[in-house]
Amino acid sequence: MSLDKYGIEAPPAHLYQFSQQITAGISGFPAVTDADISNFEALGFMVIHNAIDRAAIESARAGLRDLMLRRDTDNIMFESAVGQAYADLPDEERLDSVRKMMPIIPYDNRLQAAAENAELLAVIERIMGETPVLSQDMALLKPPRIGREKPWHQDMAYFDFPADAAIVGAWIALDEAIPENGCMMVIPGSHHSGPTLHWTRRDWQICDTEVQVGRSVAVPLPPGGCLLFHCLLHHGTPPSRSTRRRWALQFHYRPGSVTPLPNSDYRMSIFGTDGKDAAC
Ligand SMILES: O=C(O)CCC(=O)C(=O)O
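Let me sum up the structure you'll find in this document.

Counting its secondary structure elements, the chain contains 6 helices and 16 strands. Reported as C-alpha extents along the three principal axes, the dimensions of the chain are approximately 45 × 45 × 40 Å. Residues classed as buried in the chain amount to 42% of the 280 residues present. Taking the intrachain contacts of the chain between residues at least 6 apart in sequence as the baseline, contacts between residues at least 24 apart amount to 86%.

Set out below in structure tokens:
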């Protein structure tokens, strides 16, 4: 158990403004067409509603709840706004104090089943053109009122793989996710620009002044909805001041032929700022 190592500094007010909300979605993974796969290549993301059914949502929620209430794991990160009392919170308060758990599937078969969803894997295989392998699994919780932002970033800036590895993220909403409680926001097509410098500021993130706010779109999702996204897509989530909880699962899959690099040297040479005469 730990506290979120990043503080609770508020982001600039304009950072999560958006020009549009993507309210439409493909209904279910089996409905994904070849045109949808081409759209993913062009836009860097795909929105699927009814990706998992009510029973699967409830099963994943129960898995997360049980895991959050365990006191014998070290995979739980609390919101820093909760303060030092985090370890002793009563159960119900604890459920609305956790920001992140990683990993999750080693602890719970229900969460493992969510990551091994055959319909999800089939769509990712079509995107990648080869067999996907799970490379990271986590739960991302946005507690009511205190859920902190996830500043704009590219997931590849966190992964030690060659920068052209076609890693795909799957973000699955277990509660309704809307702008007010911290849904995903993306910059369509931004993956085509390649790696962007990241800075340690409120997080490991793209510099606020570099975010193309005017191009950003919000991706609200109903419970059971899924956002599939390219690992170089610029994305982030705003803080929540809502009274509504926002729980989500996030899985990343790599092409089976791509192997992890032994350390972060290559990643930092691309995404890091040392020696690059850049300012933020
Ligand atoms: O769910 C969130 O708040 C942020 C998700 C995200 O973009 C990430 O962790 O990479």
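To continue, consider the site of the ligand. By nearness alone, every residue bordering the ligand is listed as L140, K142, K150, D155, G182, H235, T237, A248 and Q250. Within the residue set of the shell around the ligand, elements represented by two or more residues are β7 (132-142), β15 (235-237) and β16 (246-255). Here the residues of the shell around the ligand sort into 2 nonpolar, 4 polar and 3 charged.

A few words now on helix α5 (residues 118-128). Buried within α5 are the following residues: L120, V123, I124, I127 and M128. Buried residues of α5, seen end-on, are gathered within an arc of 135° and therefore sit on one face of the element. On the buried face of α5, the contacting elements are α1 (34-43), β7, β9 (168-173), β14 (226-230) and β16. Taken from the residues just after α5, G129 is the one with a positive phi, measuring 75°.

Bringing unusual backbone geometry into the picture now. In this chain, M102 is followed by P103 through a cis amide linkage whose omega measures -5°. Here P103 is to be found in the loop between β6 (98-101) and α4 (109-115). Even without being glycine, N50 reaches a positive phi, approximately 50°. In the Ramachandran plot, R145 falls in the positive-phi region, its phi being about 70° despite a non-glycine side chain. By the secondary structure assignment, R145 is in the loop between β7 and β8 (150-153).

Glancing now at the pairing of strand β4 (residues 45-49). Counting buried residues along β4, 4 of its 5 residues qualify, which places the element largely inside the surrounding structure. Strand direction decides the pairing type here: strand β3 (residues 26-27) and β4, joined by 2 bridges, are parallel. Counterpart to I26 in the pairing with β4 is I48.

What follows deals with the environment of T23. Take T23: it is sitting in the loop between β2 (20-21) and β3. When the C-alpha atoms of T23 and H234 are compared, they prove to be 19 Å apart, with 211 residues separating the residues in sequence.

All right, on to the sheet that holds strand β1 (residues 2-3) then. Strand order in the open sheet formed by 9 strands is β1-β5-β6-β7-β16-β9-β14-β4-β3, and the pairing between neighbours is mixed. Edge positions in the sheet fall to β1 and β3, since each has one partner strand and no second. The pairing of β6 with β7 spans 2 bridges and is antiparallel. When the bridges of β7 are listed, M101 appears paired with A139.

The subject of this paragraph is the sheet that holds strand β10 (residues 184-186). Strand pairing in a sheet is mediated by backbone hydrogen bonds. Such pairs are either parallel or antiparallel. Strand order in the open sheet formed by 5 strands is β2-β13-β10-β15-β8, and the pairing between neighbours is mixed. The open sheet has two edge strands with one neighbour each: β2 and β8. As paired elements, β10 and β15 share 2 bridges and run antiparallel to each other. Paired with V186 across the strands is H235, a residue of β15.

A large share of β16 lies buried, amounting to 10 of its 10 residues. Side chains R246, A248, Q250, H252 and R254 of β16 all project onto a buried face; the interleaved residues W247, L249, F251, Y253 and P255 project onto the opposite face, where all are buried too. The pairing of β7 with β16 spans 10 bridges and is classified as antiparallel. By the bridge assignment for β16, K142 is matched with R246. Note: β9 against β16, 6 bridges, orientation antiparallel. For W171, the partnering residue across the bridge sits in β16 and is Q250.

So, about the nonpolar core. The biggest cluster of nonpolar side chains holds 70 residues, and the ones touching the most others in it are F45, V168, I172, L227 and L228. Those residues in contact with I172, other than ones at most four positions away along the chain, are A51, I52, A114, C226, A248 and L249.

Within the secondary structure, A122 sits in helix α5. Sequence separation between A122 and P30 is 92 residues, and the spatial gap between their C-alpha atoms is 8.6 Å.

What follows covers the environment of G272. Tracing the sequence through the fold places G272 in the segment after α6 (265-271). Judged by the 17 C-beta atoms lying within 10 Å of it, G272 is partly exposed. Sequence separation between G272 and M77 is 195 residues, and the spatial gap between their C-alpha atoms is 25 Å.

Conventions used here
- Residues numbered from 1 in each chain as written.
- Predicted model: local features only at pLDDT ≥ 70, side-chain atom pairs only at ≥ 80, totals over all residues.
- Helix = DSSP H or I, 4+ residues; strand = E, 2+ residues; numbered from the N terminus.
- Buried ≥ 20, exposed ≤ 12 C-beta atoms within 10 Å, placed from the backbone.
- Contact = placed C-beta atoms within 7 Å.
- Near = placed C-beta within 6 Å.
- Nonpolar A, V, L, I, M, F, W, Y, C, P; charged D, E, K, R; others polar.
- Arc of directions from axis to C-beta.
- Pairing = 2+ DSSP bridges.
- Core = buried A, V, L, I, M, F, W, Y, C linked by C-beta atoms within 7 Å.

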